[in-house]
Amino acid sequence: MGDKDQLISDEPVEEGVARSLPKKSGKKQKGYSQVPWYFASGIVLFWALLFLAVVKPLFYRLPQPLTVEDATSKGVFIAERAQANLYDFEAIGTKVVGSEGNEIKTVQFLLKELNLIKANMQEDLFDMEIDLQYAYGAYVKWNLVNMYQGIQNIVVKLTPKGSTSENYILVNSHFDSQPTSPSTGDDGHMVVSILEVLRVLSSTRQTFEHTIIFLINGSEENSLQASHGFIAHHKWAKNCKVVINLDAAGSGGRELMFQSGPNHPWLVQVYKKGAAHYFSTTMAEEIFQTGLVPSYTDFDIFAEYGNMIGLDIGQCINGFVYHTKYDRIDVIPRAALQNTGDNLLGLVRTLSNATEMRDPTGNAGGNVVFFDVLGLYFVSYSAENGVKLNYAVAGLTIILVYVSLLRIASKSNVSSGQVLGWFILVLVFQLVAFVLGLVLPLAVAYGLDMYGFSLSYFSTPSLMVGLFVCPSLLGLTLPSYIYLKLQNNEKVPFAQQVQLALHGHAVVLAALGIGLTVYGLRTTYLITWTLVFYIIPLAFNLLTTLHDRGFSWTGILKIIQVAPFLYNSYLIYCFIVILTPMMGRFGVDTNPDLIIGFLCALGTILSMGFLILLINTTRKSGFILLGLLAVTVATVYVASSTNIGFPYRPKTNVQRVPYLQVRRVFYEYDGTVSKDESGYLFNFQDRRGYAPLVASGVDLTGMVNMTSDCDNYMMCGMPLYDHRWVEAMDTLMWLPRKTPVWTPAEPILELLGKNLLENGKTIRFVFNLTCTDHTSIFIQPKTDVTISNWSFVEHYTTTYKPPYHIYFSFGIDDTPLYFSIDIEKPDLDYDVPLYEIGISAQYMHVDGDKEAIDFANTFPAYAATIQWPAIYKKYEF
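Trainee: Please give an account of the overall build of the protein chain that cites residues and values.
Mentor: The helix and strand inventory of the protein chain stands at 24 helices and 21 strands. Compactness check: the protein chain gives a C-alpha radius of gyration of 32 Å against a globular reference of 29 Å for 877 residues, within 12% of the reference. Projecting the C-alpha coordinates of the protein chain onto the three principal axes gives extents of approximately 105 × 70 × 55 Å. Looking at the protein chain alone, contacts between residues at least 24 apart form 81% of all its contacts between residues at least 6 apart. Of the side-chain charges in the protein chain, 62 are positive and 77 negative, and the distance between the mean point of each set is 11 Å.

Below, the structure written as structure tokens:
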């Protein structure tokens, strides 16, 4: 090993290139060029400005909307016409299943528009049939029986003349709404897009091969019942092979393609060829299929009950207005309709001429890795090739890092074993850095939640930078900073020691990529492509002399790192935009800040993991760390101590407050009433629960949890609305009131017969139930009693445990429900209580009595109340 002079003589100095020299023990190294610390601040600012100047504008970019003046160009989607339809659609108001708005007004509006389209179609090229379906049926989903009666579907069949294809394409959306919402975004946006696409297809002289079915269904919000009614019972359903499902969990932006296939990669190619404005990623598909997103779509029904494949597409931006009264046309720019229309028209045309449609099931080929790049390009490849790519890139990363270590050893005149030993130590530090990059934002999230300040970013998303991004940057940088300050390595130039830190981060990512690939996660492509843009400059530097010339290796690295920074920040920003509003309906028992904090940390690691380590190339880089810490502390203070951190704002960032005006009556076996009480049943949707409401002056004195009632009564003895309310039983809150709650009617359960069957051991109860359009039936047999049969879905009682739940709703047909229950008991003693029946009736089309209305008016402007009268009657038979 040579001394200092020998090292200097071994490396010729080039003009303008800084020399990296070894350190003297306990002193700064001389001769290597570290820029002043404030340059690092400028570098951080540069990447922040790059995000604001490039990523955000591209994320929110929408096409120029076309007007009726552009209709002279045949075959294009005209957003102005779609917007005019949307105004009319919104003017109808709420469209809850069973209401006049849904069953009469909306159906009439859609039929009128469809007949106008039919009157202007190219009759020599196409045949069009319009069918109004009344659907009846039942199926099991979410551990309950979903039963529907007289649900309406509007179905349009557009067939090119002379077509012999028996494989149809299904394009689906829904026109019904949640209570209080005019459903302009969910799903009026998609409904009017379908109308305009149908108008364009049928009026232009551009034909296609395969028949297209347009389904505008009348009961999606009601447990996806209408899609089941179509796929199980409609005359054209058996020919539908591929579906384009259109839904919404937001309003006014680009629509995301978040599910494909399954296992049919050619459908992703259809999207690549047909979509005009790309917005899609494998990561969205995998997140949605984990159940993390608190939403469902008709796509599940088509896949489960129709064995269909297809594409699931949905509005996802500005989910704050989703399912609220603020889901209105004023938050939907015309350009958003143009974006959807261009994509839908292109997809339908591409799919209706796809050769794969001749044998859709014969083209299965596994899953696909797919993603758009800033909305400008679309990349896709098979999951199998993705696995190979992941392993290849991870392996190449480790190989190039090893070659770099050998080069450092050679240029430093030390053994490769020594450099490898030093690198292992660096690798440990970088593993700690990776963990800290994840853990520190989660620690902030945990701390804020512990003191009641969760969701502080809900209406001020810029707070995420200080709350989660800065702690992640601090965690990524601190270990390498400490190592480089404390190490006493005189043999390896400082510039190469910094490079070792970046190599360590690369190896950590490579190992993680290998592990996630083994696990089967297609989203591993994020790590793979992040590494690609690290090994490209590394290979270039190794092939040139830049690798060995001070900090010269950082130049090409910074340039190439623009690509992964732009993509990774774009992708994670996408999920932050989508998931942040969802945190407002994620329930009170989950800390949403952990989810958002993790996303921010992931985005920071992937976008800035290599770049932030370059602050070590500056003098007094500790100032940058102190700055990150100061920003974090200041942001925590703002989030917890000022109104900026209060989550809610009127109209734009509301707190959802669903509750029922409840009257519950318990009838005993002898017909006497053991309980008759009223109150308000709250199903708080977010982590802050009722605390902000109390602070804002809402009188919730006397409110209690339902733990005791849920332990003692079937279904808590409450009129639980649907499966979501059942799942939230443990967190429901009850506020008693003295006066009885008024309901416009009451369910009437008539026992028509109680007869012993011929086998001598089974007794049959026959009932007639007159009820409202949203009613649940709960059935709980006594301990020694078995339900051997009933008139609902037969296999349900043998598959699921009691209490049994039948969710019944009707649309245009309000005929009373007739049903029977067969009971068996070992001792054949049927003159004792055998089972309980609970009737939960929801009256969603009225506001309630004066006391209930006055109570609702006490809620602050930032609270979006969703409430109606309900009654629960419990019987014993």
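Don't stop here, the text continues.
Trainee: Any details on the state of the cysteines? Residues and values, ideally.
Mentor: Enumeration according to the criterion identifies one disulfide in this entry. The disulfide bridge from C710 ends at C716, spanning 1.9 Å between sulfur atoms. Across the S-S bond linking C710 and C716, the dihedral sits near 95°, which makes this disulfide right-handed. Under the relative-accessibility criterion, C710 is labelled partly exposed at 22%. Take C316: it sits in no disulfide, and the sulfur closest to it among the cysteines is that of C574, at 5.8 Å.

Trainee: Mind laying out the environment of G188, listing which residues take part and the relevant values?
Mentor: Relative to the helices and strands, G188 resides in helix α5 (residues 184-203). Sequence separation of G188 and L86 is 102 residues, and the distance between their C-alpha atoms is 6.5 Å. Setting aside chain neighbours within four positions, we find G188 in contact with L86, F89 and S183.

Trainee: Give me helix α10 (residues 334-352): which residues, what numbers.
Mentor: Its 19 residues give α10 an end-to-end C-alpha distance of 27 Å, which sits within 8% of 27 Å, the value for a rise of 1.5 Å per residue. Buried residues dominate α10, accounting for 17 of its 19 residues.

Trainee: Quick one: what's the story with the nonpolar core, residue by residue and with numbers?
Mentor: If you look at the biggest cluster of nonpolar residues, it comprises 189 residues, and the most contacted ones within it are F214 and F682. Of the residues forming this core, the biggest block, 14 residues, is contributed by helix α17 (residues 562-582). Beyond its immediate chain neighbours, meaning those up to four positions away, F682 contacts V657, P658, Y659, L700, M703, L732, M733, L735, F855 and F859. With 57 residues, the next largest nonpolar core counts F666, W725, F765 and I866 among its residues.

Trainee: Could you give an account of the sheet that holds strand β17 (residues 786-790), with specific residues and numbers?
Mentor: The strand order across the open sheet built from four strands is β14-β15-β19-β17, with neighbouring strands paired in antiparallel fashion. Strands with a single pairing partner mark the edges of an open sheet, and in this sheet they are β14 (748-756) and β17. The mean angle between the axes of side-by-side strands here comes to 25°, regardless of whether they run parallel or antiparallel. As judged from the eight bridges shared by strand β15 (residues 762-770) and strand β19 (residues 817-824), these two strands associate in the antiparallel manner. Of the residues in β19, the one forming a bridge with R764 is D822.

Trainee: With reference to specific residues and values, describe the pattern of salt bridges.
Mentor: Any two side chains of opposite charge can pair, given that their charged atoms come close. Inspection of the entire model under this criterion finds 28 salt bridges. E196 is the salt-bridge partner of R81, the closest N and O atoms lying 2.6 Å from each other. Taken as a pair, R81 in helix α3 (residues 79-91) and E196 in helix α5 lie far apart in primary sequence, 115 residues in all. A relative accessible area of 26% places R81 in the partly exposed class. Taking relative accessible area as the criterion, E196 reaches 0% and is therefore assigned buried.

Trainee: Describe the packing of aromatic side chains, naming the residues involved and giving the relevant values.
Mentor: Tallied over the full model, the rule gives 59 aromatic pairs. Arranged with centres 5.6 Å apart and planes meeting at 70°, the rings of Y139 and Y305 form a pair that is edge-to-face. With Y139 in strand β1 (residues 126-141) and Y305 in helix α9 (residues 298-306), this pair connects stretches of sequence that are 166 residues apart. For Y139, a relative accessible area of 2% puts it in the buried group. By way of ring pairs, the aromatic residues Y667, F765, F767, W790, F792, Y796, Y800, Y804, F819, Y835, Y875 and F877 are connected into one cluster. Sitting over the face of the ring of W142, K141 holds its NZ or CZ atom 5.5 Å from the ring centroid.

Trainee: Kindly report on the side chain of D298, identifying the contributing residues and their values.
Mentor: Topologically, D298 is positioned in helix α9. One buried charged residue, D298, forms no salt bridge at all, with the nearest opposite charge on K141 at 9.7 Å. At a separation of 3.1 Å, a polar atom in the side chain of D298 contacts the side chain of N172. With sequence-adjacent residues up to four places away left out, D298 is seen in contact with N172, N217, E220, L224, S227 and N245.

Trainee: So what's going on with unusual backbone geometry? Residues and values would help.
Mentor: Cis peptide bonds are those with omega within 30 degrees of zero, and the linkage from D186 to D187 qualifies with 10°. Of note in the backbone geometry, L224 takes a positive phi value of approximately 60° without being a glycine. Among the structural elements, L224 can be located in the loop between β4 (212-217) and α6 (225-233). Classification of L224 as buried rests on a relative accessible area of 3%. Positive phi, close to 60°, is recorded for H323, a residue that is not glycine. Of note, H323 is situated in the loop between β7 (309-315) and α10. What makes H323 buried here is its relative accessible area of 14%.

Conventions we followed
Residues numbered from 1 in each chain as written. Predicted model: local features only at pLDDT ≥ 70, side-chain atom pairs only at ≥ 80, totals over all residues. Heavy atoms only, no water. Helix = DSSP H or I, 4+ residues; strand = E, 2+ residues; numbered from the N terminus. Rg over C-alpha atoms; globule rule 2.2 N^0.38 Å. Contact = heavy atoms within 4.5 Å. Lys, Arg positive; Asp, Glu negative; His and termini not counted. Charge placed at Lys NZ, Arg CZ, Asp CG, Glu CD. Disulfide = S-S within 2.5 Å. Buried < 20%, exposed > 50% of the residue type's maximum accessible area, 1.4 Å probe, protein only. Expected span 1.5 Å × (residues − 1). Core = buried A, V, L, I, M, F, W, Y, C linked by side-chain atoms within 4.5 Å. Pairing = 2+ DSSP bridges. Axes fitted to C-alpha atoms, helices over the stretch in contact; angles between N-to-C directions. Salt bridge = Lys/Arg side-chain N within 4 Å of Asp/Glu carboxyl O. Phe/Tyr/Trp six-rings, centres within 6.5 Å; stacked < 30°, edge-to-face > 60°. Lys NZ or Arg CZ within 6 Å of the ring centre and 35° of its normal. Polar contact = N/O pair within 3.5 Å; in protein donor to acceptor, adjacent residues only side chain to side chain.

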